[in-house]
Amino acid sequence: MSDQNNRVKAAPGEPPSLQVAAWLVSIGTEARLDRFAITVDRVSSDLRSVREGDALLIVEEESGSFRVVSFARVYRVRRGLDETALLLDGLLPVEPPRPSRDFGIQPPTVAVSRLEWPTFESALKTACGIEFPALPVFEGKTAQERAYIRDLLQWAVEDDLLGPADGPVEEIIGMSVRDRYLVGKLAPPDTRVSDDQVEDLPDAAIADPEGDDREAEASTSNSLVPSSLGFTFCVDGSAKAVEVRASWGRYERTESERTTEDGKPIRCWKRIPSGGTAIVSLEHRIVDPIVVDSACPDVVVQGTVGDPLPNGDRLVTLFLVNCQTKPDENQDQAWVFQPELIVRDPEGQSIFRKRPLLSGIGSDEERESLEMIYRRRVEFAVGHGVSVHATPSADDPERAVEVRTRVLPRY
């Protein structure tokens, strides 16, 4: 049965285009429910067909048999390389849980599988006495629900501004990648704002010698578009090396998996997840360019290692640098999107220390007072062209186990 034929109208009176399908979700090692979302480890072809508004029947295994524990509705699907999150806007527990065989449901063999709509509809009616459109939604009545609703807003903003909005292997159709995402972009070297703007201007605007666009170009002609981002962090003097993971998205101009109504392929920008991990030695003053992805040899990690401080700690600066050459056509292929740097100790130790204060400025009672007040709010790193985030040690809040860049900071 095709995906379209297995979908039904979402509610009486709604347009036929608003359709939903039903899915059987087995909570276990591959799928986890945390009350507001279901996280699935492996992405299957069926899971890629799950859409917003779809219905979920959730079962759990106990003593070798499966029980229906709740019904839910999908609000959003956030796809990742290693897992996919089904964000919910409503969930109705079955109290007490009932054996799945009571509803004619066969034991599932995978974490997420298709469920015939009549089976889902009958189960919901029998167990809870309601139709699917009456499934209650999260209204923000509790602190946990309000926090979740804020998270939904935050994720929506991040996906829209930074991306990738449709997952790590998304396709962008009908616009350039630079037009689709406003932040988190590293240009090829020596790209100027005016050059970038001219490429995207309509032909008429470029040809108009008296137009306002030309005047705007003149005001920004000396501004360079960033080609790198990075951070400076402080490590324990005993650390001999750090593990750095760089990741980003590169987009290639190709044919989409989708086609037009007459079957012709559509041109698109296809995202290819890129990056890798490398060990950076702290024994040398200069960190020479490191290629972390052989498919992108001109995107490198480089930096410097400072001399030991009086207490033996050292300051390390690392950058992710886009050194690709800008082509004459399809220039988005030479840009880096959604970049991120993550640094850890190769052994997982909490080697990151509090960044040292500036010295030689004399006594400052106000600063000393603030240092005392915020002594547990440690600054482990400072970003260059980007914000940073650190994960403190569970044992010592003045040490951290990881630092990473964050294009869109949060509080």
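Residues numbered from 1 in each chain as written. Predicted model: local features only at pLDDT ≥ 70, side-chain atom pairs only at ≥ 80, totals over all residues. Heavy atoms only, no water.

Chemist: Tell me what's going on with the environment of Asp396, and back it up with residues and numbers.
Modeler: Here Asp396 is to be found in the loop between strand 21 (387-392) and strand 22 (399-406). In this structure, the C-alpha to C-alpha distance between Asp396 and Ser350, residues 46 residues apart in sequence, is 8.6 Å. One polar contact links the side chain of Asp396 to the main-chain amide nitrogen of Glu398, over a distance of 3.0 Å. (Helix = DSSP H or I, 4+ residues; strand = E, 2+ residues; numbered from the N terminus. Polar contact = N/O pair within 3.5 Å; in protein donor to acceptor, adjacent residues only side chain to side chain.)

Chemist: An account of a nonpolar patch on the surface is requested, with residue identities and associated values reported.
Modeler: On the surface, Leu370, Ile373 and Tyr374 cluster together into a nonpolar patch covering about 320 Å² of accessible area. Along the chain, Leu370 falls in helix 7 (residues 365-373). (Patch = residues over 30% accessible without salt bridge, like charges linked within 9 Å, V, L, I, M, F, W, Y side chains within 5 Å. Areas by Shrake-Rupley, 256 points an atom, 1.4 Å probe, with all protein chains shown as cover. Salt bridge = Lys/Arg side-chain N within 4 Å of Asp/Glu carboxyl O.)

Chemist: How would you summarise the layout of surface pockets if you had to cite specific residues and measurements?
Modeler: Space inside the largest pocket adds up to approximately 1400 Å³. Counting residues per element, the ones that place at least two in the lining of the largest pocket are strand 5 (37-40), strand 7 (65-79), strand 8 (84-99), helix 2 (143-161), strand 13 (241-259), strand 14 (265-281), strand 18 (336-344) and strand 22. Counted as a void, the second largest pocket has a volume near 820 Å³. Lining of the second largest pocket is provided by 23 residues; of these, Arg48, Arg79, Asp166, Gly167 and Glu170 occupy positions nearest its centre. Residues of the lining of the second largest pocket, tallied by class, amount to seven nonpolar, five polar and eleven charged. (1 Å grid on protein atoms, 1.4 Å probe; cavity = no way out; pocket = protein on both sides within 12 Å on 5 of 7 lines; lining within 4 Å. Points joined across faces, edges and corners; volume = space filled by probe spheres on them. Nonpolar A, V, L, I, M, F, W, Y, C, P; charged D, E, K, R; others polar.)

Chemist: An account of the nonpolar core is requested, with residue identities and associated values reported.
Modeler: Within the largest apolar cluster, 34 residues are counted, with the highest numbers of intra-cluster contacts made by Phe233, Leu318, Val343 and Phe352. In this structure, Phe233 is in contact with Arg314, Leu315, Val316, Leu318, Val343, Phe352, Phe380, Ala381 and Val403, ignoring residues within four places of it in sequence. Counting 28 residues, the second-largest nonpolar core is a separate cluster that includes Val50, Ala85, Leu88 and Ala111. (Core = buried A, V, L, I, M, F, W, Y, C linked by side-chain atoms within 4.5 Å. Buried < 20%, exposed > 50% of the residue type's maximum accessible area, 1.4 Å probe, protein only. Contact = heavy atoms within 4.5 Å.)

Chemist: Can you tell me about the packing of aromatic side chains, naming the residues and giving the values?
Modeler: Two aromatic rings are characterised by how far apart their centres lie and by the angle between their planes. In this structure the tally under the stated criterion is eleven aromatic pairs. Geometrically, the ring pair formed by Phe36 and Tyr148 is stacked, given 4.7 Å between the ring centres and 15 degrees between the ring planes. Here Phe36 is found in the loop between strand 4 (31-33) and strand 5, whereas its partner Tyr148 is found in helix 2, with 112 residues between them in sequence. Just as Phe36 is buried, Tyr148 falls in that class too. Geometrically, the ring pair formed by Phe138 and Tyr148 is edge-to-face, given 5.9 Å between the ring centres and 90 degrees between the ring planes. With a gap of ten residues between them, Phe138 in the loop between helix 1 (117-128) and helix 2 and Tyr148 in helix 2 connect regions that are remote in the sequence. Residue Phe138 is classed as buried on the basis of its relative accessible area of 16%. (Phe/Tyr/Trp six-rings, centres within 6.5 Å; stacked < 30°, edge-to-face > 60°.)

Chemist: Give a description of the sheet that holds strand 4 that names residues and reports values.
Modeler: With respect to topology, seven strands assemble into an open sheet ordered 4-5-8-7-6-3-9, the strand pairing being mixed. The open sheet has two edge strands, strand 4 and strand 9 (112-115), and neither has a second partner. Each adjacent strand pair in this sheet contributes to an overall mean axis angle of 35 degrees, direction not counted. Taken together, the six bridges between strand 3 (residues 22-27) and strand 6 (residues 55-62) define a ladder with parallel strand orientation. (Pairing = 2+ DSSP bridges. Axes fitted to C-alpha atoms, helices over the stretch in contact; angles between N-to-C directions.)

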